[in-house]
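Residue strings, one per chain:
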Amino acid sequence: MRRTTSYRLILGILLVIISTGPGCSPALRKGGGTAIDPRPEVILGIFGGMGPEATANLYQLIVERTPATRDQEHIPTLIYSLPTVPDRTASIFSGDPSILPYLAEGVTRLEKSGASYIAIPCNTAHYFYDHMQQAVKIPIINMIREAAAEVATKYPQAKKVGLLATTGTISTGLYEKEFAARGIEMIKPSDNILENYVMKAVYLIKAHGDKRQCEEWLYLAGKELEKSGAEVVVLGCTEIPLAFNSARSGVPVVSASQVLADRAIARFQLLSKQPAK
């Protein structure tokens, strides 16, 4: 019994030595013993799970819109999907602070894991933007601010913009504030359309429901904004682009998700040009 135990102990020690030897160290080696550090200088962190499909969609947009011709030219990315974050709209209306630790967990875990900056594919979560930014030293892209800037830059003649978003996002006034700062009036859906079309579509998308039905609801919501004078429609919820058919819109459409993807790519390119610390 003692001899068997000794053999097992020796075998365990050998396995530890092998697993921690030069061949398995973080700094991989090639001919001549030259050390290679495989860690990228710049890493994008995506704090997702709000919801998971919207997170996957953002990453797909980043991959599709990155000017890359081979794997090595794409953006090193860490994705932390935390679907246990409490409902953002419900948290805003109830004033329940229990959501805050979840949001801090999301951004701090990415920072500790080596992310250089963070993108969050959830418009409503940006109500807590300051709380999240204060929790980390690395920058968090402000999705709402960037979407408003995109409209002002791309459609400088537009004076009225329609917003399709959750009741939570609309109630915060975050988009309204950003548009007002640029001299743009924000038009929101009527209460009936917001509750019975937009919100139903958002939650049905999250539940993997019938996207054709969601498309129809969102089409009608968009048409109401157009009739109210919207010259541009902004998709201010990351679930909405998953079902909204821009080809059916009578005015230009700006997706905040696509803007976030473009800004994430631009930030990577900017940081990659800076001298290594």
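Please refer to the structure placed before this passage.
Residues numbered from 1 in each chain as written. Predicted model: local features only at pLDDT ≥ 70, side-chain atom pairs only at ≥ 80, totals over all residues. Heavy atoms only, no water.

Visitor: Can you walk me through the sheet that holds strand β5 (residues 117–119) in this structure?
Guide: Picture the strands of a sheet paired through backbone hydrogen bonds; they go either parallel or antiparallel. What the three strands build is an open sheet, ordered β4-β3-β5; its pairing is parallel. Across the chains shown, the open sheet's two edge strands, defined by having one partner strand only, are β4 (77–81) and β5. Taking each pair of neighbouring strands and ignoring which way they run, the sheet shows an average axis angle of 25 degrees. Bridge count between strand β3 (residues 44–48) and β5: three bridges; the pairing is parallel. Among the inter-strand pairings, L44 is bridged to a residue of β5, identified as Y117. (Pairing = 2+ DSSP bridges. Helix = DSSP H or I, 4+ residues; strand = E, 2+ residues; numbered from the N terminus. Axes fitted to C-alpha atoms, helices over the stretch in contact; angles between N-to-C directions.)

Visitor: What is the right way to read the nonpolar core from this model?
Guide: One recurring pattern in soluble globular proteins is that nonpolar side chains are buried together. Counting residues in hydrophobic clusters, the biggest one holds 56 residues, and the most contacted among them are I62, L164, Y175, F179 and I240. Considering each element in turn, this core owes the most residues, seven residues, to helix α11 (residues 256–273). Sequence-distant contacts of I62, defined by excluding residues within four places in its chain, comprise L44, I46, I75, A261, A264 and I265. (Core = buried A, V, L, I, M, F, W, Y, C linked by side-chain atoms within 4.5 Å. Buried < 20%, exposed > 50% of the residue type's maximum accessible area, 1.4 Å probe, protein only. Contact = heavy atoms within 4.5 Å.)

Visitor: What should I look at first to understand the pattern of salt bridges in this one?
Guide: For the structure on display, the rule yields 14 salt bridges. The salt bridge involving E178 is made with R145; its shortest N-O contact spans 3.2 Å. Residue E178 is found in helix α8 (residues 174–180), and its partner R145 is found in helix α6 (residues 143–154); the two are separated by 33 residues along the sequence. The closest approach of N and O atoms between E239 and K206, which form a salt bridge, is 3.4 Å. With E239 in the loop between β8 (232–235) and β9 (253–255) and K206 in helix α9 (residues 191–206), this residue pair connects regions lying 33 residues apart in the sequence. Judged by its relative accessible area of 32%, K206 is partly exposed. Residues joined in a network through salt bridges with shared partners are R145, E178 and R182. (Salt bridge = Lys/Arg side-chain N within 4 Å of Asp/Glu carboxyl O.)

Visitor: Whenever I open this one, the environment of R267 confuses me. Can you help?
Guide: Relative to the elements of secondary structure, R267 occurs in helix α11. When its relative accessible area of 25% is taken as the criterion, R267 is described as partly exposed. Remark: the alpha-carbon pair of R267 and I118, spanning 149 residues in sequence, is separated by 9.9 Å. Beyond its immediate stretch of four places on either side in the chain, R267 contacts Y117, P139 and I141.

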